[in-house]
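Here's the letter readout for the chains.
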Amino acid sequence: MLKFLSKVRIEFNALDPRIASCMEFLAQCNAPKAKESNPACQIQVKRRTDDHPPEIKVTFVTGAEEVFDATSTSAHTIRSMILEKGQMLENEQMFRDAGLNWPVLIPDEELQQPMAGIKPRYAKEKKG
């Protein structure tokens, strides 16, 4: 997960009962396997004393930032969203390295063609 990130900032009030997601995410970030995937990723923890809701702010290696409301989003969901966006960024970089345009635009005529593995007769029946 950390391989896609350059910085993680976790903010919470230690007395707030809604910090479970922040603490779980922090534990995931501090896991040896995660740290090995990107030792350069900065992990910052800010302990607050006000009523500000717990939040997790991540900066991707591309510079894109995303803020997650840790009161209503589980650590697992945040991790999944980071991995999904990271895969997308990795795909984009792969296309750019190959000299291809991103995003990939599929012509309409190709979208109208039947999919491989679907019998043409069955595809026509579904349309009509």
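The structure this text deals with has already been given above.
Nothing here was measured: the structure is a model prediction, and the numbers come from that model.

(A) Looking closely at the nonpolar core. Judged by nonpolar contacts, the single largest core of 23 residues is most densely connected at Val8, Phe25, Ile56 and Ile82. With sequence-adjacent residues up to four places away left out, Phe25 is seen in contact with Met1, Val8, Ile10, Ile56, Ala75, Ile78, Arg79 and Ile82.

(B) Geometry of the side chain of Glu11. Looking at the element boundaries, Glu11 is found in strand 1 (residues 5-13). For Glu11, the side chain forms a polar contact with the side chain of Arg48, separated by 2.6 Å. Setting aside its immediate chain neighbours within four residues, Glu11 contacts Cys22, Lys46, Arg48, His52, Pro53, Pro54 and Glu55.

(C) Molecular detail of the pattern of salt bridges. As enumerated under the stated definition, the model contains eight salt bridges in all. Among the ionic pairs, Glu11 bridges to Arg48, the shortest N-O distance being 2.6 Å. Of this pair, Glu11 sits in strand 1 while Arg48 sits in strand 2 (residues 42-48), and the two are 37 residues apart along the sequence. Looking at Arg48, the relative accessible area reads 17%, which means it is buried. Close ionic contact of Lys85 with Glu66 constitutes a salt bridge, the shortest N to O distance being 3.6 Å. Of the two residues, Lys85 is situated in helix 3 (residues 75-97) and Glu66 in strand 4 (residues 65-69); the sequence distance between them amounts to 19 residues. In the salt-bridge network here, residues are joined through shared partners; they are Arg9, Glu11, Arg48 and Asp50.

(D) Up close: helix 3. Counted at 1.5 Å a residue, the expected span for helix 3 with its 23 residues is 33 Å, and the 32 Å between its end C-alpha atoms agrees. The set of residues buried in helix 3 consists of Ala75, Ile78, Ile82, Gly86 and Leu89. Buried-residue contacts for helix 3 involve strand 1, helix 1 (20-30), strand 3 (55-60) and strand 4. At the exit of helix 3 stands Gly99, carrying a positive phi of roughly 80°.

(E) Just the sheet that holds strand 3, in detail. With mixed pairing, four strands are arranged side by side in an open sheet as 2-1-3-4. Taken across any chain shown, the strands that pair with only one partner, and hence form the sheet edges, are strand 2 and strand 4. Here the average twist between neighbouring strands, direction ignored, is 15°. Summarising the sheet, strand 3 and strand 4 pair through five bridges and their orientation is antiparallel. Opposite Glu55, over in strand 4, you have Asp69 as the bridge partner. Each of strand 1, strand 2 and strand 3 touches helix 1; the most contacted strand, strand 1, lies at about 145° to it. Packing against the sheet, helix 3 makes contact with strand 1, strand 3 and strand 4, and its axis sits at approximately 15° to strand 3.

Calculation notes
Residues numbered from 1 in each chain as written. Predicted model: local features only at pLDDT ≥ 70, side-chain atom pairs only at ≥ 80, totals over all residues. Heavy atoms only, no water. Core = buried A, V, L, I, M, F, W, Y, C linked by side-chain atoms within 4.5 Å. Buried < 20%, exposed > 50% of the residue type's maximum accessible area, 1.4 Å probe, protein only. Contact = heavy atoms within 4.5 Å. Helix = DSSP H or I, 4+ residues; strand = E, 2+ residues; numbered from the N terminus. Polar contact = N/O pair within 3.5 Å; in protein donor to acceptor, adjacent residues only side chain to side chain. Salt bridge = Lys/Arg side-chain N within 4 Å of Asp/Glu carboxyl O. Expected span 1.5 Å × (residues − 1). Pairing = 2+ DSSP bridges. Axes fitted to C-alpha atoms, helices over the stretch in contact; angles between N-to-C directions.

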